[in-house]
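# Structural features, examined
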Amino acid sequence: NTLMWDREYDDDAVAFYSDQSGYMFGAGVEQQINQGLTVRAMVTYNHREYDNEIDGSDDAHNAVGGSLTIINQFSGLTRWEIEGFSQFDSSERVASAFYRDSGVRTMFYTVLGEKVESSFDVSYSILDYDNVEEEWEDKYFNAGVKLGYKMFDWLSVRAQYVYSKRTSDNEVNDFDNHMASLYLQFRHNLFY
């Protein structure tokens, strides 16, 4: 897994602190322990360079991240996953700032009968900001439920509800968010 980028903003007011380039390498292994139990480990390396630096900040930085996931496939119809992670990302809110996102997420998926499927997922993480005037942490909680109903072999209707909450040392960044969605999924095999 390799990713490279070069971001240049059109507006010079933003670009002075935000233009950046970088690359990310990732690798992982997956091992089936027994019937239904799988362990996956991932590691990533990130490098970013900013065209300019804000006073007191760095113009380049490197970070290593990773995750460990345990997947338990109870049957062909029911699966539970739990993942611990510590990953690196750049802030979209503060120019040239970045953070380490460390936490845990879990997801439970099951099929109920022939027509209904559902999943429930929860995550909690701490975002530790760096390369800013005053370092701060955000605590981020996310929980969602999805339901799907297969009306025909080619058509399903799906609904989703997601609740998110962020509490921050920088109080202006606190929020509660509720999102609901309803959509249709069409299936068609183009090759037979």
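Report follows, based on the coordinates.

How each quantity is defined
- Residues numbered from 1 in each chain as written.
- Predicted model: local features only at pLDDT ≥ 70, side-chain atom pairs only at ≥ 80, totals over all residues.
- Heavy atoms only, no water.
- Helix = DSSP H or I, 4+ residues; strand = E, 2+ residues; numbered from the N terminus.
- Buried < 20%, exposed > 50% of the residue type's maximum accessible area, 1.4 Å probe, protein only.
- Contact = heavy atoms within 4.5 Å.
- Areas by Shrake-Rupley, 256 points an atom, 1.4 Å probe, with all protein chains shown as cover.
- Pairing = 2+ DSSP bridges.
- Salt bridge = Lys/Arg side-chain N within 4 Å of Asp/Glu carboxyl O.
- Polar contact = N/O pair within 3.5 Å; in protein donor to acceptor, adjacent residues only side chain to side chain.
- Phe/Tyr/Trp six-rings, centres within 6.5 Å; stacked < 30°, edge-to-face > 60°.
- Lys NZ or Arg CZ within 6 Å of the ring centre and 35° of its normal.

Turning to the overall build of the protein, a few remarks are in order. Of the regular secondary structure elements, the protein holds one helix and 10 strands. Starting at the N terminus and ending at the C terminus, the protein contains elements arranged as β-α-β-β-β-β-β-β-β-β-β. When the 192 residues of the protein are sorted by exposure, 30% land in the buried category. Looking at the protein alone, contacts between residues at least 24 apart form 42% of all its contacts between residues at least 6 apart. Carbon together with sulfur atoms contributes 55% to the accessible area of the protein, which is approximately 12400 Å² in total.

The next subject is the pairing of strand β5 (residues 78-90). For a regular strand, side-chain orientation follows a simple rule: the groups alternate between the two sheet faces. Across eight bridges, the pairing between strand β4 (residues 60-73) and β5 is antiparallel. Each bridged residue has a counterpart across the sheet, and for L68 the counterpart in β5 is G84. Hairpin remark: β4 followed by β5, antiparallel, with four residues in the connecting loop. Where β5 meets strand β6 (residues 98-112), 13 bridges bridge the pair, whose relative direction is antiparallel. Bridging across to β6, E81 finds its partner in M107.

Our focus in this paragraph is the pattern of salt bridges. Counted under the stated rule, the structure contains eight salt bridges. K139 serves as the salt-bridge partner of E137, at 3.6 Å between the closest nitrogen and oxygen. Judged by relative accessible area, E137 falls into the partly exposed class, the value being 27%. In this structure K139 comes out as partly exposed when scored by relative accessible area, which is 30%.

In this section: the environment of Q185. With respect to the helices and strands, Q185 occurs in strand β10 (residues 175-186). For the pair Q185 and G148, spaced 37 residues apart in sequence, the C-alpha separation works out to 9.4 Å. At 2.5 Å, the side chain of Q185 and the side chain of R158 are in polar contact.

Enumeration over the complete set of coordinates arrives at eight aromatic pairs. Plain terms: the ring middles of Y23 and Y45 are 6.4 Å apart, the flat faces sit at 40° to each other, and that makes the pair tilted. In this pair, Y23 sits in strand β2 (residues 20-34) while Y45 sits in strand β3 (residues 37-50), placing the two residues 22 residues apart along the sequence. Y23 gets classed as partly exposed once you look at its relative accessible area, which sits at 29%. Overall, Y45 belongs to the partly exposed group, its relative accessible area being 32%. For the ring pair Y99 and Y129, a centre distance of 5.0 Å and an interplane angle of 45° mean the geometry is tilted. Note that Y99 is positioned in strand β6 and Y129 in strand β7 (residues 116-130), a separation of 30 residues in sequence. Each member of the pair, Y99 together with Y129, is buried. Grouped by ring-pair contacts, the aromatic residues Y23, F25 and Y45 constitute a single cluster. Above the face of the F85 ring, R105 is positioned so that its terminal group lies 4.2 Å from the ring centre.

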